[in-house]
Amino acid sequence: MYAINHAATALILKKRYPVSSMFLLLISVQLVELLWVVFSYLGIEYISVINGKLHLNYLPYSHSIFTGVTLSLIAFSIINWGYKNRALAIAFSIGIMSHIILDIIFHEKDMALSPFSNTPNFGLGISNYPYIDFTLETMYGIFCWWYFKGNKYLLITIILFNILDLPMMLGKDNSGKPFSVNHFILPSIILIQIVITWYFVWRYSRKKSPLEL
Ligand SMILES: [Zn+2]
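In this report, the structure presented in the accompanying data block is examined. (Residues numbered from 1 in each chain as written. Predicted model: local features only at pLDDT ≥ 70, side-chain atom pairs only at ≥ 80, totals over all residues. Heavy atoms only, no water.)

## Concerning the overall build of the protein
Piece 1. Tallying secondary structure elements over the protein gives eight helices and four strands in all.
Piece 2. For the protein, the sequential pattern of α-helices and β-strands runs α-α-β-β-α-α-β-β-α-α-α-α.
Piece 3. Taken over C-alpha atoms, the radius of gyration comes to 17 Å for the protein, in line with the 17 Å a tight globule of 213 residues would show.
Piece 4. For the protein, the C-alpha atoms occupy an extent of roughly 50 × 40 × 25 Å along the three principal directions.
Piece 5. Relative to its 213 residues, the protein shows a buried fraction of 47%.
Piece 6. In the protein, once contacts between residues fewer than 6 apart in sequence are set aside, the share between residues at least 24 apart is 67%.
Piece 7. Summed over all atoms, the accessible surface of the protein reaches about 11,000 Å², with 72% contributed by carbon and sulfur.
Piece 8. The protein carries 15 positive and 10 negative side-chain charges, and their two centres are separated by 15 Å. (Helix = DSSP H or I, 4+ residues; strand = E, 2+ residues; numbered from the N terminus. Rg over C-alpha atoms; globule rule 2.2 N^0.38 Å. Buried < 20%, exposed > 50% of the residue type's maximum accessible area, 1.4 Å probe, protein only. Contact = heavy atoms within 4.5 Å. Areas by Shrake-Rupley, 256 points an atom, 1.4 Å probe, with all protein chains shown as cover. Lys, Arg positive; Asp, Glu negative; His and termini not counted. Charge placed at Lys NZ, Arg CZ, Asp CG, Glu CD.)

This is how it looks when you write it as structure tokens:
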């Protein structure tokens, strides 16, 4: 799933657990992706390009069910017992797991059970069908906005970023090539997307008019 719709998940959590900081919720839903960026820079996790098409391929440390559950438990323990904030502890843990669950729905079969075994791998493979991927992701983002009862700026943000993702979803033959030449390109693009979508979702989810600073 693309950055904007992971970020949109934080809207559901904010609505459900309003005392939680939106800033922290946005981190929770992308924590797994940030790990992937770091591991990709370090060469611990890597992509592969087969017949010109990009595959995320090897990401068992950041994107496994085991990692999601472990990170959720650690985050819950720290926030609940360390900071005595039960609502945020629950919201943050769900945020972490939401990333794994959503990626299992959209990824190819590249989501591992744990980093310690090669099989089984999960992934419904919706990303292989770009237009279905685009439609479902956009509908999901809009659902998050609707559930949150966001303003029109937030809606425009969600729709616009989904449209901007379309060229990457469609990725024609050989479009994956540049990513195999330099393994810093893709994680850098993803990192920039995470930060930009964080900013706009954070800014336009605030209750006052976005035109007021
Ligand atoms: Zn991911």
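## Description of the layout of surface pockets
Piece 1. Put simply, the largest pocket is a space of about 700 Å³.
Piece 2. In this structure, the largest pocket is lined by 32 residues; those nearest its centre are Tyr-2, Leu-54, Leu-56, Ser-127 and Met-168.
Piece 3. For the lining of the largest pocket, the secondary-structure elements that each account for two or more residues are α2 (22–42), β2 (53–58), α4 (86–106), α5 (130–148), α6 (152–170) and α8 (185–204).
Piece 4. Looking at the lining of the largest pocket residue by residue, the classes come out as 16 nonpolar, nine polar and seven charged. (1 Å grid on protein atoms, 1.4 Å probe; cavity = no way out; pocket = protein on both sides within 12 Å on 5 of 7 lines; lining within 4 Å. Points joined across faces, edges and corners; volume = space filled by probe spheres on them. Nonpolar A, V, L, I, M, F, W, Y, C, P; charged D, E, K, R; others polar.)

## Notes on the coordination of the zinc ion
Tetrahedral metal sites with four donors have an ideal angle of 109.5 degrees; octahedral sites with six donors have ideal angles of 90 or 180 degrees.
Piece 1. Taken together, the protein ligands of the zinc ion are Glu-33 (OE), His-63 (NE2), His-99 (NE2) and Asp-103 (OD), with distances of 2.0 to 2.2 Å.
Piece 2. One can describe the donor arrangement at the zinc ion as irregular, given that its four donor atoms subtend angles of 85 to 178 degrees at the metal.
Piece 3. Mapped onto the sequence, the residues coordinating the zinc ion show the spacing E-x29-H-x35-H-x3-D. Residue Glu-33 is found in helix α2, and its partner Asp-103 is found in helix α4; the two are separated by 70 residues along the sequence.
Piece 4. Judged by its relative accessible area of 0%, Asp-103 is buried. (Donors = N, O, S within 2.8 Å, 3.2 Å for Na, K, Ca; no water. Tetrahedral: all angles 85-135°; square planar, octahedral: opposite > 155°, others 65-115°.)

## Some thoughts on the environment of Leu-102
Piece 1. Tracing the backbone through its elements, the reader meets Leu-102 in helix α4.
Piece 2. Sequence-wise, Leu-102 and Arg-203 are 101 residues apart; in three dimensions their C-alpha atoms are separated by 24 Å.

## Observations regarding a nonpolar patch on the surface
Piece 1. On the surface, a cluster of nonpolar side chains totalling about 380 Å² of accessible area is made up of Phe-23, Leu-24, Tyr-199 and Trp-202.
Piece 2. Within the residue set of the nonpolar patch, elements represented by two or more residues are α2 and α8.
Piece 3. Along the chain, Leu-24 turns up in helix α2. (Patch = residues over 30% accessible without salt bridge, like charges linked within 9 Å, V, L, I, M, F, W, Y side chains within 5 Å. Salt bridge = Lys/Arg side-chain N within 4 Å of Asp/Glu carboxyl O.)

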